[in-house]
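Tertiary structure, described
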Amino acid sequence: MKKRSIAIDGPSGAGKSTLAKRLAQELGFVYVDTGAIYRTVGLAARRRGVDPADGEAVAAMLPRLSVDMGYGEDGLQHMYLDGEDVTQAIRENEISACASKAAALPAVRDFLLEMQRSAAREHDVIMDGRDIGTVVLPHADVKIYLTAKAEARAERRYKELLERGQRADLEQVLREVVERDRRDESRETAPLRRAEDAALADTTGLDLEGSFRLLLGIIRERLDV
Ligand code: DC
């Protein structure tokens, strides 16, 4: 049977992963976090002392890199770099910028494209990222562009870091969010943008429950699930 796919794109901190994870559970779909895949490449560059913005150096690193995605007994997505489980390591704050820089490189996007598409061939997926509806799964059954004001997204990210026991400064987090948006939106290859046929969902001022209901409604209008 043809697999079904739901694409959720949008800037960092809009709540994509939290919401997509919950929606996947509700609908019995597999959640694919594509940001985690870019983060794994960002981590690889950092560990090897390669500048993640240096296209030639990163391209030279890729053929020797083993990046794998798997699902643990917990049903959650795990990332493996050269066989090592790096699911936690890729969440460090400093890896966000490395991932965003590496993600701007066409060689990196090409390298990771097939991995994402093959997940959608094998499972009913709810996949989140920046270019899922535009590039990775242009024929997705449902496309959602999830966003919120930068200040609201920075505040969520700030709280998330504190909850993880990491030190954070709200002003600094906001600057990073704005800078990452700018980089993700202005890059030449697969920039962050709303697909023409994507439903727009703005979660500024909505809590998790409200956002979840909003997305579930959009999905059920378009897909019999
Ligand atoms: O969603 P995230 O913060 O974990 O993503 C990390 C970086 O990866 C983000 O700055 C943009 C990039 N990314 C991308 O370019 N395309 C995707 N499909 C997913 C993430």
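Refer to the structure printed above.
What comes next is a walk through the structure. None of the values given here were measured: they were computed from a predicted structure.

The rules behind each value
Residues numbered from 1 in each chain as written. Predicted model: local features only at pLDDT ≥ 70, side-chain atom pairs only at ≥ 80, totals over all residues. Heavy atoms only, no water. Axes fitted to C-alpha atoms, helices over the stretch in contact; angles between N-to-C directions. Helix = DSSP H or I, 4+ residues; strand = E, 2+ residues; numbered from the N terminus. Parallel < 35°, antiparallel > 145°, perpendicular 65-115°, else oblique. Left-handed = near helix turned anticlockwise from the far one by under 90°. Contact = heavy atoms within 4.5 Å. 1 Å grid on protein atoms, 1.4 Å probe; cavity = no way out; pocket = protein on both sides within 12 Å on 5 of 7 lines; lining within 4 Å. Points joined across faces, edges and corners; volume = space filled by probe spheres on them. Near = heavy atom within 4 Å. Polar contact = N/O pair within 3.5 Å; in protein donor to acceptor, adjacent residues only side chain to side chain. Areas by Shrake-Rupley, 256 points an atom, 1.4 Å probe, with all protein chains shown as cover. Salt bridge = Lys/Arg side-chain N within 4 Å of Asp/Glu carboxyl O. Buried < 20%, exposed > 50% of the residue type's maximum accessible area, 1.4 Å probe, protein only.

Contact pair helix α1 (residues 16-27) / helix α9 (residues 208-222): the axes reach a minimum separation of 10 Å and the direction vectors enclose 55°. Judged by the angle between their axes, α1 and α9 are oblique. Note on packing geometry: the crossing formed by α1 with α9 is right-handed. Residues Thr18, Leu19, Arg22, Leu23, Glu26 and Leu27 of α1 lie in contact with α9, whose contacting residues are Leu208, Glu209, Ser211, Phe212, Leu215, Leu216, Ile219 and Arg220.

Here we come to the layout of surface pockets. Space inside the largest pocket adds up to approximately 1,300 Å³. Considering the residues around the largest pocket, the lining is formed by 50 residues, among which Ser17, Thr18, Asp33, Arg91 and Glu160 are closest to the centre. Sort the elements by how many residues they give to the lining of the largest pocket and helix α7 (residues 150-163) lands first, with eight residues.

Neighbouring residues of the ligand: 15 residues in total, closest Thr34, Arg39, Arg109, Arg180 and Arg187. Here a nitrogen atom of the ligand and a side-chain polar atom of threonine 34 are 2.9 Å apart. Protein chains bury 95% of the 450 Å² of accessible surface belonging to the ligand in isolation. The element contributing the most residues to the shell around the ligand is helix α2 (residues 34-48), with four residues.

Okay, the pattern of salt bridges next. In the structure shown here, the tally under the stated rule is 20 salt bridges. Of the charged contacts in the structure, one is a salt bridge between aspartate 82 and arginine 48, with a shortest N-O distance of 2.8 Å. Here aspartate 82, found in the loop between β4 (77-81) and β5 (84-85), pairs with arginine 48, found in helix α2; they are 34 residues apart in sequence, far enough to count as distant. Its relative accessible area of 38% is what places arginine 48 among the partly exposed residues. Ionic pairing is found between aspartate 181 and arginine 153, a salt bridge with its closest N-O pair at 2.6 Å. Of this pair, aspartate 181 sits in helix α8 (residues 170-186) while arginine 153 is found in helix α7, placing the two residues 28 residues apart along the sequence.

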